[in-house]
Amino acid sequence: MPSLGADMDEGILLEWLVKAGDAVHRGDIVAVVETPKSAVEVETFDDGTVQQLLVEEGQTVPVGAPLAVIADGHGAAPVEAVPAVAATPPVVAVPAVHPPSPVLRHRARELGVDLDQLTGTGPDGAVTRQDVEHAVAVHAVDRHPLDRHVGRPRGRGRVPAAAPTGRAGRLRVSPLARRLAAEQGVDLATLAGSGPGESIRAADVRDAAAAGRDAAAAGRDGRPVEPPATTPPRAEHAAPQDMRTAIAALMSRSNREVPHYYLSTTIDLHAALQWMHERNRELEIADRLVPAALMLAATARAARQVPQLNGHWVDGGFVPAVQVRLGFIVSLRGGGLLVPAIAEADSVSVVETMARVRDLTRRARSGRLRASELAEPSITVSNLGEQGVESVQGVIYPPQVALVGFGTPVERPWAVDGLIGVRPLVTATLAGDHRASDGATGARLLRAIDALLQRPEEL
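Starting from 1, residues in each chain are numbered consecutively following that chain's sequence as written. The model is predicted, so local features are restricted to residues of pLDDT at least 70 and side-chain atom pairs to those at 80 or more, both for listing and for counting; the totals for chains, interfaces and linings are taken over all residues. Side-chain measures here rest on the full set of heavy atoms in the structure, leaving out hydrogens and waters.

### Remarks on the overall build of the chain
Stage number 1. The way it works is that DSSP assigns letters per residue, a run of H or I at least four long becomes a helix, a run of E at least two long becomes a strand, and they are numbered from the N terminus. Counting secondary structure elements, the chain contains 11 helices and 19 strands.
Stage number 2. Sorting the 459 residues of the chain into buried and exposed places 48% on the buried side.
Stage number 3. The contact criterion used is simple: two residues touch if any of their non-hydrogen atoms lie within 4.5 Å. Counting only contacts in the chain whose residues sit at least 6 apart along the sequence, the fraction spanning at least 24 positions is 62%.
Stage number 4. Element-wise, carbon and sulfur atoms account for 52% of the exposed surface of the chain, whose accessible area totals about 21400 Å². When a residue's accessible area, from a 1.4 Å probe over protein chains only, is under 20% of the maximum for its type it is buried; when over 50% it is exposed; and in between it is partly exposed. Only the protein chains shown count as covering a residue, and every accessible area follows the Shrake-Rupley method with a 1.4 Å probe.

Shown next, in the form of structure tokens:
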């Protein structure tokens with residue numbers, strides 16, 4: 001069971017996505033785990049064959065407990081894997097040199113797409129994720145009006161009536177109920193669960209499917225068709241109260257255990273924003289930069305220059321991180337926070353940083369993050385500029401030892417070479433752990449961020 005933050009002691013294994021005996025490759029998503037904050041996709045970090053499943057679906061498992069056993073491809077003794085495999089009914093694969101991966105099979109099953117009906121556009125005719133999503137877009141416009149009420153696809157290869165958001169993977173749903181819903185075209189987001197904590201059980205899915213069949217029969221007989229009663233859309237993540245409770249516990253621990261010190265500085269963004277505007281003229285609209293991308297990229301490189309603030313406080317001592325895993329706080333639409341991390345953030349360009357921020361933010365808000373993307377950041381940035389806040393006095397996320405905050409850029413009088421002019425300024429703050437560093441070290445980090453933002457072409 002992976003650790004997805006200092007506030008996580010255990011997780012619930014919601015679903016295995018591959019079965020024992022399957023070949024898995026590094027990066028394949030093999031399970032879905034529920035945490036107090038979100039349902040998270042777990043990938044394997046090794047190539048091999050699944051030998052044994054050690055945890056059943058629905059079981060609560062402490063962090064660090066083995067989930068499955070994977071053997072390498074040479075028949076060597078089994079080795080433990082962080083996550084591994086399991087038991088969903090096999091989906092018929094297209095005949096291709098490269099059969100669909102477990103994650104692609106799961107995605108196709110989730111969207112109701114029959115892989116056997118697709119023509120692959122990948123190497124050697126392999127079916128790709130783009131092929132699956134294209135099939136969804138094509139068939140979504142070819143639905144009968146009645147299907148929108150019944151929530152069932154009219155023909156082979158069609159998708160359920162609801163937009164394919166993947167929400168079902170984040171509801172409290174029993175594995176049997178999820179499989180029945182996929183088979184019978186029932187939109188789980190419209191169901192009110194009758195199980196503990198409003199969890200959806202197989203009986204709820206069967207009742208909804210029966211109601212759909214009755215509605216379809218009524219429509220064929222010429223009687224008015226009334227759409228079945230639905231519940232409001234469910235939250236995309238864990239219940240807000242559960243998430244707030246988890247955040248409260250972590251922040252209380254931070255205030256109790258971490259001796260914070262705070263520093264701040266004002267940074268002139270004139271050069272950075274001029275360079276950004278020039279760079280954006282060369283980029284496609286979807287790829288254009290925003291000021292936050294420059295601040296994140298500058299923080300990552302500054303953390304590399306000041307390694308005393310890039311790491312964790314573990315067992316009474318500071319352990320420097322082997323890379324800069326830059327966490328950034330994402331505010332969820334339903335309330336609560338997630339902190340995805342950009343791996344090796346100090347070695348990617350500002351354009352790539354922008355692309356990763358967009359991708360991680362989108363998937364954080366839709367509940368599609370992977371476990372590795374929530375693994376412990378080495379330093380975190382809180383950027384509340386879009387909220388109009390001018391200064392951020394953050395609370396460190398233990399076991400990290402630093403948090404950098406950025407406010408909104410504002411235009412104010414500023415002296416440059418002895419002359420007063422109007423410049424875009426931003427307030428950068430640092431919350432530091434006094435056990436691991438002191439004010440002099442923190443000041444070096446803020447100076448490094450300032451210097452890098454004066455030379456944006458180097459980001």
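### A look at the packing of helix H8 (residues 291–305) against helix H11 (residues 439–454)
To describe two helices that pack against each other, one gives the angle between their axes and the distance between the axes.
Stage number 1. Close contact between H8 and H11 brings their axes to 8 Å; oriented N to C, the two are set at 130 degrees. Taken as axis vectors, H8 and H11 run oblique relative to one another. With respect to the hand of their crossing, H8 and H11 are arranged in right-handed fashion. Contact residues: H8 offers Leu-294, Met-295, Ala-298, Thr-299, Arg-301, Ala-302, Ala-303 and Gln-305, while H11 offers Arg-444, Leu-445, Ala-448, Ile-449, Leu-452 and Leu-453.
Stage number 2. Per-class residue counts for the contact of H8 with H11 are 10 nonpolar, two polar and two charged. Axis lines are fitted to C-alpha atoms, over the contacting stretch for helices. Their N-to-C directions set the angle, which ranges from 0 to 180 degrees. Any angle between 65 and 115 degrees counts as roughly perpendicular, while under 35 counts as roughly parallel, over 145 as roughly antiparallel, and the rest as oblique. It is the rotation of the near helix from the far one that decides the hand of a crossing: anticlockwise by less than a right angle makes it left-handed, clockwise makes it right-handed. Just so you know the grouping, Ala, Val, Leu, Ile, Met, Phe, Trp, Tyr, Cys and Pro go in nonpolar, Asp, Glu, Lys and Arg go in charged, and all remaining residues, Gly too, go in polar.

### Here we look at H8
Stage number 1. In this scheme, a helix's expected span is set at 1.5 Å multiplied by one less than its residue total. In this model H8 runs 21 Å from its N-terminal to its C-terminal C-alpha over 15 residues, within 8% of the 21 Å that 1.5 Å per residue would give.
Stage number 2. Burial analysis of H8 places 11 of its 15 residues in the buried class, the great majority of the element.
Stage number 3. Looking only at H8, the buried set comprises Ala-293, Leu-294, Met-295, Leu-296, Ala-297, Ala-298, Thr-299, Ala-300, Arg-301, Ala-302 and Ala-303.

### Observations concerning helix H9 (residues 350–366)
Stage number 1. Between its first and last C-alpha, H9 extends 24 Å over 17 residues, near the 24 Å set by a 1.5 Å rise per residue.
Stage number 2. Listing the buried residues of H9 in full gives Val-350, Thr-353, Met-354, Val-357, Leu-360, Thr-361, Arg-363, Ala-364 and Ser-366.
Stage number 3. Gly-367 sits one or two residues past H9 and shows a positive phi near 75 degrees.

### Details of the sheet that holds strand E4 (residues 39–43)
Stage number 1. A pair of strands counts as paired when DSSP detects no fewer than two bridges linking them. With antiparallel pairing, four strands are arranged side by side in an open sheet as E4-E3-E1-E6. Looking along the sheet, the strands with just one partner apiece sit at the ends: E4 and strand E6 (60–62). In this sheet, neighbouring strand axes are inclined to one another by 40 degrees on average, regardless of whether the strands run parallel or antiparallel.
Stage number 2. With five bridges joining them, strand E3 (residues 29–34) and E4 adopt antiparallel strand pairing. When the sheet's bridge partners are listed, Ala-31 is paired in E4 with Val-42.

### A short note on the nonpolar core
Stage number 1. Within this scheme, the nonpolar core is defined by two criteria: the residues are buried Ala, Val, Leu, Ile, Met, Phe, Trp, Tyr or Cys, and they are joined through side-chain atoms within 4.5 Å. Of all hydrophobic cores here, the largest spans 80 residues; its most connected members are Leu-294, Leu-445, Ile-449 and Leu-453.
Stage number 2. For this core, the leading source of residues is H8, giving nine residues.
Stage number 3. The start and end points of each domain follow an automatic or database-based domain assignment. Split by domain, this core shows at least three residues from each of two domains, domain 1 (10–80) and domain 4 (225–458).

### Thoughts on unusual backbone geometry
Stage number 1. That bond from Pro-398 to Pro-399 is cis: its omega, 10 degrees, falls within 30 degrees of zero.
Stage number 2. Tracing the backbone through its elements, the reader meets Pro-399 in the loop between strand E16 (379–383) and strand E17 (402–406).
Stage number 3. Of note in this structure, Asp-315 is not a glycine but carries a positive phi near 50 degrees.
Stage number 4. For Asp-315, the location among the structural elements is in the loop between strand E10 (311–314) and strand E11 (317–320).
Stage number 5. Judged by relative accessible area, which is 80%, Asp-315 ranks as exposed.

### Quick word on the side chain of His-260
Stage number 1. Along the polypeptide, His-260 turns up in strand E9 (residues 260–268).
Stage number 2. Relative accessible area serves as the criterion here: at 19%, His-260 is assigned to the buried category.
Stage number 3. For the purposes of these results, a polar contact is taken to be a pair of N or O atoms within 3.5 Å, where, inside protein, one atom must be able to donate a hydrogen and its partner to accept one; residues adjacent in sequence count only when each atom of the pair is a side-chain atom. In terms of polar contacts, His-260 uses its side chain to reach the backbone carbonyl oxygen of Val-258, at 3.0 Å.
Stage number 4. Polar contacts involving the side chain of His-260 include one to the main-chain amide nitrogen of Ile-396, which spans 3.1 Å.
Stage number 5. In this structure His-260 touches Ser-254, Gly-394, Val-395, Ile-396, Ala-431 and Gly-432, once residues within four positions along its chain are discounted.

### So, the environment of Ala-271
Stage number 1. Along the chain, Ala-271 turns up in helix H7 (residues 270–280).
Stage number 2. Taking relative accessible area as the criterion, Ala-271 reaches 27% and is therefore assigned partly exposed.
Stage number 3. The spatial distance from the C-alpha of Ala-271 to the C-alpha of Glu-457 is 9.6 Å, given a sequence separation of 186 residues.
Stage number 4. Setting aside anything within four residues of it in sequence, one finds Ala-271 in contact with Leu-453, Gln-454 and Pro-456.

### Focus: the packing of H8 against H9
Stage number 1. Between H8 and H9, the least distance of the axes is 9 Å, while the angle of their chain directions is 110 degrees. By the criterion of interaxial angle, the relationship of H8 to H9 is roughly perpendicular. For H8 against H9, the interelement crossing comes out right-handed. Counted together, Ala-293, Leu-294, Leu-296 and Ala-297 of H8 and Val-350, Thr-353, Met-354 and Val-357 of H9 form the full contact between these two elements.
Stage number 2. Of the residues in the contact of H8 with H9, the class split is seven nonpolar, one polar and no charged.

### Digging into the environment of Thr-441
Stage number 1. Along the polypeptide, Thr-441 turns up in helix H11.
Stage number 2. Between the alpha carbons of Thr-441 and Val-306 there is a distance of 7.6 Å; along the sequence they are 135 residues apart.

### Here's the deal with the side chain of Ser-382
Stage number 1. Inspection of the secondary structure assignment puts Ser-382 in strand E16.
Stage number 2. Classification of Ser-382 by relative accessible area gives buried; the value is 10%.

### A word on the pattern of salt bridges
Stage number 1. In what follows, salt bridge is the name for a side-chain nitrogen of Lys or Arg lying within 4 Å of a carboxyl oxygen of Asp or Glu. Tallied over the full model, the rule gives 14 salt bridges.
Stage number 2. Two residues, Glu-41 and Arg-368, come together in a salt bridge whose shortest N-O distance is 2.5 Å. Here Glu-41 is found in strand E4, whereas its partner Arg-368 is found in the loop between H9 and helix H10 (371–374), with 327 residues between them in sequence. For the pair Glu-41 and Arg-368, a shared accessibility class is recorded, and that class is buried.
Stage number 3. The partner of Arg-363 in a salt bridge is Asp-359, and the shortest N-O contact between them spans 2.8 Å. Of this pair, Arg-363 and Asp-359 both sit in helix H9, four residues apart, which is roughly one turn of that helix.
Stage number 4. With a relative accessible area of 26%, Asp-359 lands in the partly exposed category.

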